[in-house]
Amino acid sequence: MSTRPRRPHAAARIAALLVAVAVLVAPASPAAAHNTLRASEPAAAARLTAPPTRISLTFLQKLDPAFTTIVLSDAEQRKVPTGAPVVADATGTVTIDRPLANGAYTVAYRVVSADGHPVQGSYAFTVDDPTASPAPAVSTPGAAGPATSSGRSAGAGPWPLAAGVLLVIVVAGGVVLLRRCRGTA
Ligand SMILES: [Cu+2]
């Protein structure tokens with residue numbers, strides 16, 4: 001005859017296990033439920049000695065081509081002409097129509113998570129080609145309106161905070177369960 005653990009203890013063990021898993025997983029991926037930019041080319045804050053011909057963003061989760069936006073802007077927040085995003089699995093790529101002049105650029109993106117929630121963010125890089133001639137006055141009549149304000153917020157947003165709050169609640173719940181178990185046994 002085996003002595004079966006009393007039910008409250010089994011429940012408490014499961015709760016403790018869940019807490020342990022939450023503690024182990026949470027710091028590594030604070031927003032695991034949402035899509036996150038994993039890598040980019042050019043890299044964030046890169047200083048390039050040759051203008052890039054494309055921008056390639058790799059995310060944590062598979063992208064939906066219908067909901068993938070990648071916008072390149074120059075230092076004056078003017079939109080730089082690019083091709084439409086080409087999506088392959090978790091990577092979205094746009095080609096840059098013409099060579100970029102030296103200067104600062106911003107890549108803004110908006111994609112969706114596996115749960116359908118949108119995720120947006122941006123990062124900057126600089127083109128500093130020592131062989132480049134002085135930047136030509138590029139202007140696209142009509143097409144170059146003022147850049148939209150979308151994608152200027154940080155990529156993370158309030159989610160790390162929400163994940164932290166959730167973690168605290170889960171841990172507190174586990175502790176309460178364990179206490180209750182010891183109290184009633
Ligand atoms: Cu979500």
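Residues numbered from 1 in each chain as written. Predicted model: local features only at pLDDT ≥ 70, side-chain atom pairs only at ≥ 80, totals over all residues. Heavy atoms only, no water.

K.L.:
Looking at this structure, how should I read the coordination of the copper ion?
P.N.:
Six octahedral donors around a metal ideally sit at 90 or 180 degrees from one another, while four tetrahedral donors ideally sit at 109.5 degrees. For the copper ion, the protein coordination sphere consists of H34 (NE2), D115 (OD) and H117 (ND1), at 1.8 to 2.0 Å. All donors of the copper ion come from a single chain, and their spacing in sequence reads H-x80-D-x1-H. With H34 in the loop between α1 (7-28) and β1 (37-41) and H117 in the loop between β8 (103-112) and β9 (118-127), this residue pair connects regions lying 83 residues apart in the sequence. Relative accessible area serves as the criterion here: at 7%, H34 is assigned to the buried category. (Donors = N, O, S within 2.8 Å, 3.2 Å for Na, K, Ca; no water. Helix = DSSP H or I, 4+ residues; strand = E, 2+ residues; numbered from the N terminus. Buried < 20%, exposed > 50% of the residue type's maximum accessible area, 1.4 Å probe, protein only.)

K.L.:
Can you help me understand the sheet that holds β9 in this one?
P.N.:
Either a parallel or an antiparallel arrangement is found when strands of a sheet pair, and the pairing is made through backbone hydrogen bonds. Taking strand neighbours across the sheet as the criterion, the five strands line up as β2-β9-β8-β4-β5 in an open arrangement whose pairing is mixed. One side of each edge strand has no neighbouring strand; the edge strands of this open sheet are β2 (47-48) and β5 (79-80). As defined by bridge partners, β8 adjoins β9 across 10 bridges and the pair is classed as antiparallel. Following the sheet pairing, G103 is matched in β9 by V127. (Pairing = 2+ DSSP bridges.)

K.L.:
Would you mind showing me how to read the packing of aromatic side chains here?
P.N.:
Between two aromatic rings, the relevant description is the distance of the centres plus the angle of the planes. Tallying each qualifying case throughout the model produces two aromatic pairs. Aromatic side chains F59 and Y109 sit 5.3 Å apart centroid to centroid with 75° between the ring planes, which places their arrangement in the edge-to-face category. A residue pair is termed long-range when its members are at least 10 positions apart, and F59 in strand β3 (residues 54-59) and Y109 in strand β8 qualify at 50 residues. On the accessibility criterion, F59 (1% relative accessible area) is buried. Among the residues examined, Y109 registers a relative accessible area of 8% and is labelled buried. On the numbers, 5.7 Å between centres and 20° between planes, the contact of Y105 with F125 is stacked. With Y105 in strand β8 and F125 in strand β9, this residue pair connects regions lying 20 residues apart in the sequence. The exposure class assigned to Y105 is buried, which follows from its relative accessible area of 6%. The buried category is assigned to F125, whose relative accessible area is 1%. (Phe/Tyr/Trp six-rings, centres within 6.5 Å; stacked < 30°, edge-to-face > 60°.)

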